[in-house]
Amino acid sequence: MQPADTPWLQLSGISVAYGRRAVVADFSLTLPRGAVGCLLGPSGCGKTTVLRAIAGFEPLLAGEIRLDGALVGSARQQVPPEQRRIGMVFQDHALFPHLTVGANVAFGLRGMPDAAQRVQHMLETVGLGGSAARYPHELSGGQQQRVALARALAPSPQLLLLDEPFSNLDIELRERLGSELRQLLKAAGTTALLVTHDQHEAFAIADEIGIMSGGRIQQWATAYDLYHQPANRFVADFVGQGAFLPGTVQNGQHIQMELGMLDSPEPIRCTEHGDLCDAGCGVDVLLRPDDVVHDDASPVTAEVVAKAFRGAEFLYTLKLASGQTVLSMVPSHHNHAIGERIGIRLEVDHVVAYKREDEPALDCG
Ligand code: ADP
Ligand code: MG
């Protein structure tokens with residue numbers, strides 16, 4: 001029995017390579033018991049490789065993997081996958097086509113005395129209580145994925161790994177299954193690590209999210225903090241929408257920009273490194289679509305170059321005099337034509353700014 005604060009899943013500095021090519025390098029993360037974590041990142045950044053290493057399918061070059069404190073993988077020691085008690089759900093649900101739904105769910109329960117009850121309970125949990133005798137091909141894609149989930153959860157795994165579980169499904173079903181999955185994991189108290197390239201899926205399911213790029217975690221945080229306090233430009237760009245606009249810090253609490261002066265209630269710090277930005281410091285300011293407000297009375301205007309109808313709002317892409325573009329979310333009764341110029345001003349609650357690397361700053365703090 002481990003102390004209560006022992007992380008349930010702990011990866012410490014793991015590295016994984018295919019041949020000579022390292023695709024995951026010095027990668028660490030920690031999940032407490034019952035937490036739902038997510039790795040979110042572009043295709044090819046190493047998400048599946050991390051899951052395969054946790055499951056025991058890829059050897060480690062360096063680092064350690066621990067489950068409930070017990071070492072299951074290191075460069076020297078590999079507990080075989082079948083002894084790790086880890087459940088997996090993949091994108092292609094890979095049910096056995098010649099077995100009934102019930103037999104599929106029972107697959108990992110061979111020899112267990114209460115297997116039949118457990119199968120029925122799991123099928124009811126995923127909303128397929130009456131389907132035990134049916135065959136996978138008689139079910140829709142979403143139903144098949146629920147069966148795959150029931151099969152993975154049936155043996156009460158120590159950890160559930162989900163690799164893009166809904167990406168073959170249409171978007172509406174994906175969203176519904178996403179929030180159902182979260183409820184199910186929370187009700188069962190299952191610790192899970194999900195992998196996806198879809199941020200809405202990550203937001204709907206996970207407690208905490210790791211943004212990955214190039215085999216590394218760029219930031220591990222809640223969805224809210226990733227959006228509002230992105231640790232670097234990659235995260236700012238990858239999570240949510242927005243644009244970077246250059247500015248020059250004046251008096252430590254103001255940034256002179258093409259859209260006017262941006263005032264901050266606090267001294268301006270580089271969001272990436274946390275250091276203060278003194279007068280004259282060049283920064284790139286992150287502007288989310290709700291930071292740029294349409295205002296007919298504003299002296300600053302921009303040209304509508306693209307617009308997307310979102311129901312309650314339009315998302316306008318606006319070109320400034322300098323040629324730079326920003327995004328603006330505007331209530332949809334303000335229906336402006338492409339090519340029209342509209343007044344805009346800044347309304348920024350908290351400043352997210354990154355020091356410009358091309359201006360190594362004489363007087364930056
Ligand atoms: P993701 O799941 O984020 O899309 P992967 O973990 O599948 O990324 O892949 C990471 C990198 O490793 C990619 O460049 C991919 O081409 C490469 N890769 C994945 N699997 C193998 C393999 N079995 N052999 C060689 N290279 C691989
Ligand atoms: Mg993958």
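Residues numbered from 1 in each chain as written. Chains lettered and ligands numbered in written order. Predicted model: local features only at pLDDT ≥ 70, side-chain atom pairs only at ≥ 80, totals over all residues. Heavy atoms only, no water.

How would you sum up the site of ligand 1? Please name residues and give values.
Around ligand 1 lies a shell formed by Tyr-18, Arg-21, Val-23, Pro-42, Ser-43, Gly-44, Cys-45, Gly-46, Lys-47, Thr-48 and Thr-49. Lys-47 is positioned such that a nitrogen or oxygen atom in its side chain is 2.9 Å from an oxygen atom of ligand 1. Within the side chain of Thr-48, one N or O atom sits 2.8 Å away from an oxygen atom of ligand 1. Of the residues assigned to the shell around ligand 1, the class counts are 4 nonpolar, 5 polar and 2 charged. (Near = heavy atom within 4 Å. Polar contact = N/O pair within 3.5 Å; in protein donor to acceptor, adjacent residues only side chain to side chain. Nonpolar A, V, L, I, M, F, W, Y, C, P; charged D, E, K, R; others polar.)

Outline the nonpolar core, listing residues and values.
With 42 residues, the main nonpolar core has Val-105, Leu-149, Leu-160, Leu-162 and Ile-209 as its most contacted residues. Here the element with the most residues in this core is helix α4 (residues 141–153); it accounts for 6 residues. Among the nonpolar cores identified, the runner-up in size contains 30 residues, and Ala-53, Ala-55, Leu-60 and Leu-161 belong to it. (Core = buried A, V, L, I, M, F, W, Y, C linked by side-chain atoms within 4.5 Å. Buried < 20%, exposed > 50% of the residue type's maximum accessible area, 1.4 Å probe, protein only. Helix = DSSP H or I, 4+ residues; strand = E, 2+ residues; numbered from the N terminus.)

Could you give an account of the side chain of Asp-284, naming the residues involved and the relevant values?
Position of Asp-284 relative to the elements: it lies in strand β14 (residues 282–287). A distance of 3.0 Å separates the side chain of Asp-284 from the side chain of Arg-233, its partner in a polar contact. In this structure Asp-284 touches Arg-233, Phe-244, Leu-245, Pro-246, Val-352, Ala-353, Tyr-354 and Arg-356, once residues within four positions along its chain are discounted. (Contact = heavy atoms within 4.5 Å.)

I'd like a description of the side chain of Asp-291, backed by residues and values.
Among the secondary structure elements, Asp-291 is positioned in the loop between β14 and β15 (292–294). No salt bridge is formed by the buried Asp-291; the nearest opposite charge belongs to Arg-288, separated by 6.1 Å. Beyond its immediate sequence surroundings of up to four residues, Asp-291 is in contact with Leu-286, Arg-345, Leu-346, Glu-347 and Val-348. (Lys, Arg positive; Asp, Glu negative; His and termini not counted. Salt bridge = Lys/Arg side-chain N within 4 Å of Asp/Glu carboxyl O.)

Account for α4, with residues named and values stated.
The end-to-end C-alpha distance of α4, which contains 13 residues, comes to 19 Å, matching closely the 18 Å that a straight helix rising 1.5 Å per residue would cover. Summarising burial for α4: 11 of the 13 residues are buried, a large majority. Among all positions of α4, only Gly-142, Gln-144, Gln-145, Arg-146, Val-147, Ala-148, Leu-149, Ala-150, Arg-151, Ala-152 and Leu-153 are buried. Each element contacted by the buried residues of α4 is listed here: β6 (86–89), α2 (101–105), α3 (115–125), β7 (159–163) and α5 (171–188). (Expected span 1.5 Å × (residues − 1).)

Describe the environment of Leu-276, with residues and values.
For Leu-276, the location among the structural elements is in the loop between β13 (260–263) and β14. When the C-alpha positions of Leu-276 and Asp-237 are compared, they lie 22 Å apart, and in sequence the two are 39 residues distant.

Kindly report on the pattern of salt bridges, identifying the contributing residues and their values.
Counted according to the given criterion, the structure contains 12 salt bridges. Asp-295 is paired through a salt bridge with Arg-345; the nearest N and O atoms lie 2.6 Å apart. Remark: Arg-345 occurs in strand β19 (residues 341–346) and Asp-295 occurs in the loop between β15 and β16 (301–309); sequence separation between them is 50 residues. According to the relative accessible area criterion, Arg-345 is partly exposed, its value standing at 31%. Within the structure, one salt-bridge network assembled from shared partners comprises Arg-146, Arg-176 and Glu-180.

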